[in-house]
Amino acid sequence: MFDNDWDEVLENEIQKPYFQELRYALAREYKLHTVFPPKELLFSALKLTPYHKTKVVILGQDPYHGPGQAHGLSFSVMPGVAVPPSLKNIYKELASDLGAEIPNHGSLLHWAKQGVLMLNAVLTVRKGQPNSHKGLGWEKFTDAIVEKLNERETPMVYILWGSNAQQKGAFLDRSRHKLIQSPHPSPFSAHRGFLGSRPFSQTNRFLQENGLDPIDWDIPNM
């Protein structure tokens, strides 16, 4: 299903009745409505960032609901699609924190391949209807993913932007992992503490202090 070690880690989870019900509900949704991301990109985050290679988790809420935007990674959009406002603020903070160049596209694939798991709490959405798949069962599944990561011995960084992400990360083991929390990067809240929070340099400092390679946050242009 995921083509890496997530298959084993989540083997029991995907056998549970709620997950089977979720699959039926999704099959119906994809048949009757336009749903994002496309089916084949649904589990991009898990496929691109294996369990044992995950160093950083960035928690989002639900996918972008405009055509061509969502491709299975929180905050990321397909190349060639206009960069959404939240991601513009993430890039602004990246430039101010690390002096990184702002890329000419919105794909965060470069991060995913280095061990940054960009996970939404809900993995699907109907076109033009934010939060339309809330309560479908995804929250339980993504909670299980976060719990499995929390169990790992290797220290990790959780970047929790906004109250939804912070609630989801409430049970994390702070004695082992680092939690970086701030308001959401959306234009409505970014100026209340997201801008200037320096999440990228904080992450790399923690990784290096724990003998792990830092993330190259500098996204190449396309």
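Note that the structure is a prediction, hence the values are computed from the model and not measured.

Conventions adopted
Chains are numbered independently. Their residues run from 1 in the order of the written sequence. Residue-level local features of this predicted model are given only where pLDDT is at least 70; pairs of side-chain atoms are given and counted only at 80 or more, and the full residue set underlies all totals for whole chains, interfaces and linings. With hydrogens and water stripped out, all remaining heavy atoms of the structure feed into the side-chain values. Exposure classes here rest on a 1.4 Å probe applied to the protein chains alone. A residue is buried below 20% of its type maximum, exposed above 50%, and partly exposed in between. Numbered from the N terminus, helices here are DSSP runs of H or I no shorter than four residues, and strands are runs of E no shorter than two. When DSSP finds two or more bridges between two strands, those strands count as paired. Looking down the strands as they point away from you, a crossover is right-handed if its path from the first strand over the helix to the second goes clockwise. Convention adopted: a line fitted to C-alpha atoms gives each axis, helices being fitted over their contacting stretch, and angles between N-to-C directions are expressed from 0 to 180 degrees. Here, two residues are considered to be in contact whenever any of their heavy atoms come within 4.5 Å of each other. For classification, angles of less than 35 degrees are called roughly parallel, those exceeding 145 degrees roughly antiparallel, those between 65 and 115 degrees roughly perpendicular, and all remaining angles oblique. Residues are grouped as follows: nonpolar covers Ala, Val, Leu, Ile, Met, Phe, Trp, Tyr, Cys and Pro; charged covers Asp, Glu, Lys and Arg; every other residue, Gly included, is treated as polar. In plain words, nonpolar cores are sets of buried Ala, Val, Leu, Ile, Met, Phe, Trp, Tyr and Cys residues tied together by side-chain atoms within 4.5 Å. Each residue after the first adds 1.5 Å to the expected span of a helix. Directions drawn from the helix axis to the C-beta atoms are what define this arc. Any pair of nitrogen or oxygen atoms within 3.5 Å is treated as a polar contact; in protein, a donor-acceptor pairing is required on top of that, and neighbouring residues in sequence qualify only through side-chain atoms on both sides.

**Student:** Sorry if this is basic, but what is going on with the pairing of strand 5 (residues 157–161) here?
**Tutor:** Consecutive side chains along a regular strand alternate between the two faces of the sheet. Of all the five residues making up strand 5, five are buried; the element is thus mostly covered by neighbouring parts of the structure. Neither face of strand 5 is exposed, since Val157, Ile159 and Trp161 on one face and Tyr158 and Leu160 on the opposite face are all buried. Both strand 2 (residues 56–60) and strand 5 contribute to a ladder of four bridges, which runs parallel. Its bridge partner lying in strand 5, Val57 is registered against Tyr158. Pairing analysis gives five bridges linking strand 5 to strand 6 (residues 178–182), with the strands arranged parallel. Note on strand 6: the bridge partner recorded for Tyr158 is Leu179. What joins strand 5 to strand 6 is helix 7 (residues 163–168), and the crossover it makes is right-handed.

**Student:** Looking at this structure, how should I read the sheet that holds strand 6?
**Tutor:** Within a sheet, neighbouring strands are paired by backbone hydrogen bonds and run either parallel or antiparallel to one another. Strand order across the open sheet formed by four strands is 3-2-5-6, with parallel pairing between neighbours. The sheet is open, and its two edges are formed by strand 3 (116–120) and strand 6, each paired on a single side. Mean inter-strand twist for the sheet, computed between neighbouring axes without regard to direction, equals 20°. Relative to the sheet, helix 6 (residues 138–150) contacts strand 2, strand 3 and strand 5, its axis offset from that of strand 3 by approximately 150°.

**Student:** Explanation requested: the packing of helix 4 (residues 85–98) against helix 8 (residues 199–209) in the structure shown.
**Tutor:** Helix packing for two helices is described by the angle between their axes and how far apart those axes are. At a minimum axis separation of 8 Å, helix 4 and helix 8 run at an interaxial angle of 60°. It follows from the interaxial angle that helix 4 and helix 8 lie oblique. Facing Ile90, Glu93, Leu94, Asp97 and Leu98 of helix 4, the residues of helix 8 in contact are Pro199, Phe200 and Ser201. Its residues assigned to classes, the contact of helix 4 with helix 8 shows five nonpolar, one polar and two charged.

**Student:** Teacher, can you tell me more about the pairing of strand 2 here?
**Tutor:** Most of strand 2 sits out of view: five of its five residues are buried. Residues Val56, Ile58 and Gly60 of strand 2 are buried on one face, and the alternating residues Val57 and Leu59, pointing to the opposite face, are buried as well. As paired strands, strand 2 and strand 3 are joined by five bridges and run parallel to one another. Bridging from a neighbouring strand, Leu59 pairs with Leu119 of strand 3.

**Student:** Please explain the nonpolar core as it appears in this structure.
**Tutor:** One broad trend across soluble globular proteins is that nonpolar side chains are buried collectively. Core analysis: the largest hydrophobic core is formed by 62 residues, its most contacted members being Trp6, Trp111, Trp138 and Phe141. Excluding residues within four positions of it along the chain, Trp138 makes contact with Phe19, Leu22, Leu26, Leu42, Phe43, Ala121, Val122, Leu123, Thr124 and His133.

**Student:** Any chance you could explain helix 2 (residues 17–32) here in plain terms?
**Tutor:** Residues that lie three or four places apart on an α-helix share one face, since the helix turns once every 3.6 residues. With 16 residues, helix 2 should reach 22 Å at 1.5 Å per residue; the first-to-last C-alpha distance of 23 Å fits that figure. Among the residues of helix 2, Tyr18, Phe19, Leu22, Ala25, Leu26, Glu29 and Tyr30 are the ones counted as buried. Taken down its axis, helix 2 places every buried residue within 135° of arc, on the same side. Relative to its buried face, helix 2 has exposed residues pointing more than 90 degrees away, namely Pro17, Glu21, Tyr24, Arg28, Lys31 and Leu32. Buried residues in helix 2 make contact with strand 1 (35–36), strand 4 (125–126) and helix 6.

**Student:** Can you walk me through the side chain of Asn4 in this structure?
**Tutor:** Take Asn4: it is sitting in the segment before helix 1 (6–9). Side-chain polar atoms of Asn4 contact the backbone oxygen of Lys47, separated by 3.3 Å. Apart from the residues lying within four places of it in its own chain, the contact partners of Asn4 are Leu46, Lys47 and Pro50.

**Student:** In this structure, what is going on with the environment of Phe75? I would like to understand it.
**Tutor:** Turning to its location among the elements, Phe75 is positioned in the loop between strand 2 and helix 4. With 91 residues separating them along the chain, Phe75 and Gln166 place their C-alpha atoms 16 Å apart. Setting aside anything within four residues of it in sequence, one finds Phe75 in contact with Ile58, Leu59, Gly60, Tyr64, Ser86, Leu87, Ile90, Leu108, Trp161, His184 and Pro185.

Read these as layout, nothing more, since geometry by itself doesn't imply function.
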